[in-house]
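Here are the chains, one letter per residue:
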Amino acid sequence: MDLSYSPEEQAFQAEVRQFLADELPGDIADKVRLDTDLTKDDMERWHAILNNRGWLAQNWPAEFGGAEWSAVQRHIYDTEAADANAPRIVPFGLSMLGPVLQKFGSKEQQDHWLPRILDGTDWWCQGYSEPGAGSDLASLKTKAVRDGDHYIVNGQKTWTTLGQFANMIFCLVRTDADAKQQEGISFLLIDMDTPGVEVRPIILLDGCHEVNEVWFTDVRVPVANLVGEENKGWTYAKYLLTHERTGLGGVGFSQAGLKTVKRIAKTANHNGKPLIENPHFAARVAQVEIDLRAMATTNLRIISQAAAGEAPGLEASMLKVKGSIIRQEINDLARRAVGPYAMPFASEAVEGANDRIPDPFDAGPVAGQYFNNRKLSIFGGSNEIQRGIIAKVTMSGGGK
Amino acid sequence: MNFNLTEERQMLQDTLRRYLREQYGTARRNEILGSDTGFSPDIWAELAELGVLGALFTEDMGGFGGAGFDIAVVFEELGRAGVVEPVLDSALMGGRLLAAAGKTDLVEQVIGGALHLAVAHAEPDSRYDLDHVNTTATDNTLTGRKAVVMNAEAAEHLIISAKDGDRIALYLVDKGAAGLDIQGYPLLAGGRAAEVTLENTPGTPLGLTLGDYEATWRLALVAQCAEALGAMETATAQTQDYLMTRKQFGRPIGTFQALAHRMSDLLIELEQARSAVINAAGHVTDTDADLHLSASKNLIGRIGRLVAEEAIQMHGGIAMTQEYELAHIAKRIIMADHRFGDTDYHLERFIALSAA
């Protein structure tokens, strides 16, 4: 047992910290700190800065232009980046599609698509969920029917994050209607400029536009855009879901969030004293901080296993559940901390609203964030699904 | 012991529930939420016509109700439908303060739906404290700043607290008064509020003190608890429906025990919330009113969070969308915790009062 970073890891941490101090644009960091929506340009700018340093594709092998970081290095980056208010790396091309193409894509597909992810030519989004296929993803109905050298795609995807910025979408589609649910699904790359693709915004309860519906009406997709084999898409999708597992607990986000809560609570007045000195509030903050400290170590334990080549299974589900609960608790504390100032609707959607709300805590829309982050326990396999996985593996006799 | 509503209150409840069911659906509400004023003058006029505003005042004041249970009946229905019109601030708080000051003619206009009011007491660093007032009154001119003042832009008159020497008193300020600045903004759960600054602004003393404000604040607590209860009833009903109709893995998701048990817990807690509102309404003018009110507001805050979060979680993504009714209802429930003292504030108050 040794709980400290190695000298190499410490040097890496210093290097990351310096890089963030030198290269992260102040206007972008301010937006992240105040939870203001980033524009497409903001995100592309940050990607380009990372790519310039060779740090954009952190988990890719060097042969594809990746940084080939260890799990511990990635954890160090995530923590430092959250602390510095760097935007998260948009994961759809880099963390999701990239690894799938590297494992299952053809040489042509790898040569064509991977460099375009790195240089920002393509912005990918994910076409998985459908209105009737959420937790039960395998019941998806979007159809792709072979017609010569093309598939004809019809159907609807939903919850497509940042689809409004994307020019490409990777989709799970049904190519065999007669096969058992998981066996008739294929993995297809679709150009969103193709006639018949329509993106419709979904406005979330905090007023933000981050997700969309994507509709497909007789969309012609070249067969060359099929990844791997027809009807094997479920295998690739599962690989994708289990591949990117570090960072699941959101430790960096929680640490940054806790810092914000403490900062607000030092400024906020409660019966003539700073709120942070109030025993009830202080107890709430301490409780979640204690949980977070333990989870940070759980996270590192799992990362170490992954670094030793063990694929995280159950632990990933456990991290997702615990991590989302802790982050949501911190969001709850932030909205409590600002008191009546949680009520104003400080949304980008309302023109000029931010200018008119003198926020005495410089806290940003913390109540909006509280509502927005209810998604953490819903998306990417809800906490109910994760608990089901844990129960199935540990109690059905099928587990280790 | 009798837990049935009187015939009059039952009629009021039935009438208001039917009216809001017919006139305040999701489409109408979303239209109101998106409007510049943040509320509908038509709905306001109709609420007055139905006698809903009059039910908040005693017969002496020109109304036909005014007791804790009248207020609870009205606000439970407003909460059930997710109504964003400022009945609590404009009619109940503003109107009852004017009634306490003997302004009969103005109260009559409130009951008739013709007069809008705003009550400005809290300040940027007062949080939920009642006696933290830095706004000053010198020879009836007011200087200071008031925070998150509901309905300030639409109000004809503002009722503003200020310190005259050591004494906190209430003043009536006209919307056009010199030195009065109102910076309005929309609210996350609907409606509008403003930051109000006063610089040597003339006000008329109402002859009311902090004690009078506190008496009205108690009525507001009953109203806020009842509104949250109504919203929780809608949230649980919608979740129940959804669990029985939404199918995943080939069956309604409510047949999964993990969800069924959590739904049952919500229903248990909803009954607790209902009882808490009855306690608040029934004891609002008793000598130990504050103990009951703090107990109720704390419980409503805790259970409200549980209901709002569980209702969203059991719905999944659909409840995260702005246009879905539950999203609005959940926001109303959570934001109720940010008014008149939150869960922790009332826990501390309860501890202090029960030790006394």
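None of the values given here were measured: they were computed from a predicted structure.

Draft legend 1. Region of the structure containing the domain arrangement of chain B. Residue and element names in this part refer to chain B. Under the domain assignment, chain B is made up of domain 1 (7-111), domain 2 (117-208) and domain 3 (212-355). Here domain 1 and domain 3 have C-alpha centroids that lie 21 Å from each other. Listed by partner, the interface residues are 22 residues for domain 1 and 29 residues for domain 3. Carbon and sulfur atoms supply 66% of the area that domain 1 and domain 3 bury against each other, a total of about 2,000 Å² over both sides. For the pair domain 1 and domain 3, the number of links is three salt bridges. Measuring nitrogen to oxygen at the nearest pair gives 3.0 Å for the salt bridge that ties Arg80 to Glu233.

Draft legend 2. Region of the structure containing the pairing of strand β6 (residues 180-186) of chain B. Residues and elements named next belong to chain B. By the bridge criterion, seven bridges tie β6 to strand β7 (residues 192-202) in an arrangement that is antiparallel. Across the sheet, residue Pro186 finds its bridge partner in β7, namely Arg192. In this antiparallel pair of consecutive strands, β6 and β7, the connection spans five residues, and Gly190 shows a positive phi of 100 degrees.

Draft legend 3. Spatial organisation of the interface of chain A and chain B. At the junction of the two partners, chain A supplies 55 residues and chain B supplies 50 residues. Summing both partners gives a buried area of about 4,400 Å² for chain A against chain B, and 56% of it is carried by carbon and sulfur. The interface formed by chain A and chain B contains seven salt bridges. For the salt bridge of B:Arg262 with A:Glu384, the shortest nitrogen-to-oxygen distance reads 2.8 Å. Linking chain A with chain B are 31 residue pairs in polar contact (both at pLDDT 80 or more), by the criterion used here. Looking at the side of chain A that touches chain B, the elements with two or more residues in it are β6 (197-203), β9 (269-270), α9 (279-307), α10 (314-337), α12 (366-372) and α13 (383-395) of chain A. Looking at the side of chain A that touches chain B residue by residue, the classes come out as 27 nonpolar, 17 polar and eleven charged.

Draft legend 4. Structural view of the environment of B:Ala273. Residues and elements named next belong to chain B. With respect to the helices and strands, the residue Ala273 is situated in helix α8 (residues 257-283). Residues Ala273 and Gly304, 31 residues apart in the sequence, show an inter-C-alpha distance of 8.5 Å. For Ala273, the contacting residues outside a window of four places in its chain are Leu229, Met232, Leu299, Ile300 and Ile303.

Draft legend 5. Seen up close, the domain arrangement of chain A. Residue and element names in this part refer to chain A. Looking at chain A, the domain boundaries give domain 1 (7-89), domain 2 (122-232) and domain 3 (245-395). Opposite the five residues of domain 1 that make contact, domain 2 presents five residues. Buried area between domain 1 and domain 2, summed over both chains or domains, comes out near 460 Å², and the portion from carbon and sulfur atoms is 69%. A per-residue breakdown of the area domain 1 buries against domain 2 is headed by Asp37, Lys40 and Met43, which together make up 78% of the total. For the interface between domain 1 and domain 2, the tally reads zero salt bridges.

Draft legend 6. Region of interest: the pattern of salt bridges. On inspection of all chains with the given rule, the structure shows 44 salt bridges over all chains. Linking A:Asp83 and A:Lys259 is a salt bridge whose minimum nitrogen-to-oxygen distance equals 2.5 Å. Here A:Asp83 is found in helix α4 (residues 71-83), whereas its partner A:Lys259 is found in helix α8 (residues 251-267), with 176 residues between them in sequence. With relative accessibility at 48%, the residue A:Lys259 sits in the partly exposed group. Note that B:Arg305 and A:Asp332 form a salt bridge whose closest N and O atoms lie 3.3 Å from each other. Highlighted residues: B:Arg305 in helix α9 (residues 289-315) and A:Asp332 in helix α10, drawn from two different chains. Residues B:Arg305 and A:Asp332 agree in their burial class; the two are buried. In this structure, a network of salt bridges that share partners links the residues A:Glu329, A:Asp332, A:Arg335, A:Arg336, A:Arg374, B:Arg305, B:Glu309 and B:Asp337.

How each quantity is defined
Residues numbered from 1 in each chain as written. Chains lettered and ligands numbered in written order. Predicted model: local features only at pLDDT ≥ 70, side-chain atom pairs only at ≥ 80, totals over all residues. Heavy atoms only, no water. Domains from an automatic or database assignment. Contact = heavy atoms within 4.5 Å. Buried area = accessible area lost by both parts, 1.4 Å probe. Salt bridge = Lys/Arg side-chain N within 4 Å of Asp/Glu carboxyl O. Pairing = 2+ DSSP bridges. Helix = DSSP H or I, 4+ residues; strand = E, 2+ residues; numbered from the N terminus. Polar contact = N/O pair within 3.5 Å; in protein donor to acceptor, adjacent residues only side chain to side chain. Nonpolar A, V, L, I, M, F, W, Y, C, P; charged D, E, K, R; others polar. Buried < 20%, exposed > 50% of the residue type's maximum accessible area, 1.4 Å probe, protein only.

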